[in-house]
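# Structural overview
Each chain, written out:
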Amino acid sequence: MENEKNRSVESLEFDERAHEDGYFAIKEHELIEEMKLEFHKAEAARRAAQMATCPKCSGTLEKYEFMGFILERCGNCEGIWLKKGELAGILRQQARGPLGVFLDRCFPKSEKGK
């Protein structure tokens, strides 16, 4: 009988160690997922910093509004950087002349729903 009791204790210890391996495997997996998340955050921050630098002289780009468009201007070389379609939109607005500007001020697009 004593041998049976000892065997059950030995098998119980063995089972506990088996669960221990699973526990550490889960913890390692969680740690890897956290590290991946931190890496993706760092990459996004690096890309955002890269987007805020001038492609010509590596100066910092500052945003400002011009004719309803958000443009980016370099503080060093004073170059102006536009997104796709912004130049065509600015030229279209300019071609409307002073009457178009007046109408835009009187009837802004934000009040369209009224």
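Nothing here was measured: the structure is a model prediction, and the numbers come from that model.

### Some details on the side chain of E86
Structurally, the position occupied by E86 is in helix α2 (residues 86–95). No salt bridge is formed by the buried E86; its nearest oppositely charged neighbour, K83, is found at 4.5 Å. Side-chain polar atoms of E86 contact the backbone nitrogen of K83, separated by 2.7 Å. Here E86 is in contact with F69, I70 and L71, once residues within four sequence places are set aside.

### Observations concerning the sheet that holds strand β1 (residues 61–66)
Strand pairing in a sheet relies on backbone hydrogen bonds. The paired strands run either parallel or antiparallel. One open sheet accounts for three strands, arranged β1-β2-β3; its pairing is antiparallel. On the outer flanks of this sheet lie β1 and β3 (80–81), each paired with one strand and no other. In this structure, β1 lies alongside strand β2 (residues 69–74), joined through six bridges in antiparallel fashion. The residue of β2 that forms the bridge with L61 is C74. Strand contacts of α2: β1 and β2, with the helix running at about 115° to β2, the strand carrying the most contacts.

### Some remarks on the confidence of the model for the protein chain
Overall, the prediction assigns the protein chain a mean pLDDT of 78, with 79% of residues at 70 or greater. Of all helices and strands in the protein chain, the one with the weakest mean pLDDT is helix α1 (residues 2–51) (77), whereas β2 scores best (85).

### Considering the side chain of E72
Tracing the chain through its elements places E72 in strand β2. Residues contacting E72, with those up to four places away along its chain left out, are L61, E62, K63, G79, I80, W81 and K83.

### Observations concerning the packing of aromatic side chains
Considering all chains together, one arrives at one aromatic pair under this definition. Both rings, one in Y23 and one in F24, keep their centres 5.3 Å apart while their planes meet at 75°; by these two values the pair is edge-to-face. On the basis of relative accessible area, F24 is assigned to the partly exposed category, the value being 45%.

### Side note on the pattern of salt bridges
Counted under the stated rule, the structure contains four salt bridges. Residue E30 pairs with K27 through a salt bridge whose shortest N-O separation is 3.7 Å. With a gap of three residues between them, E30 and K27 both fall in helix α1, about one helical turn apart. You can call E30 partly exposed: its relative accessible area is 37%. Two residues, E33 and K36, come together in a salt bridge whose shortest N-O distance is 3.8 Å. Placement of both E33 and K36 in helix α1 is noted, with a separation of three residues, approximately one turn of the helix.

Thresholds applied
- Residues numbered from 1 in each chain as written.
- Predicted model: local features only at pLDDT ≥ 70, side-chain atom pairs only at ≥ 80, totals over all residues.
- Heavy atoms only, no water.
- Helix = DSSP H or I, 4+ residues; strand = E, 2+ residues; numbered from the N terminus.
- Buried < 20%, exposed > 50% of the residue type's maximum accessible area, 1.4 Å probe, protein only.
- Lys, Arg positive; Asp, Glu negative; His and termini not counted.
- Salt bridge = Lys/Arg side-chain N within 4 Å of Asp/Glu carboxyl O.
- Polar contact = N/O pair within 3.5 Å; in protein donor to acceptor, adjacent residues only side chain to side chain.
- Contact = heavy atoms within 4.5 Å.
- Pairing = 2+ DSSP bridges.
- Axes fitted to C-alpha atoms, helices over the stretch in contact; angles between N-to-C directions.
- pLDDT = per-residue confidence, 0-100.
- Phe/Tyr/Trp six-rings, centres within 6.5 Å; stacked < 30°, edge-to-face > 60°.

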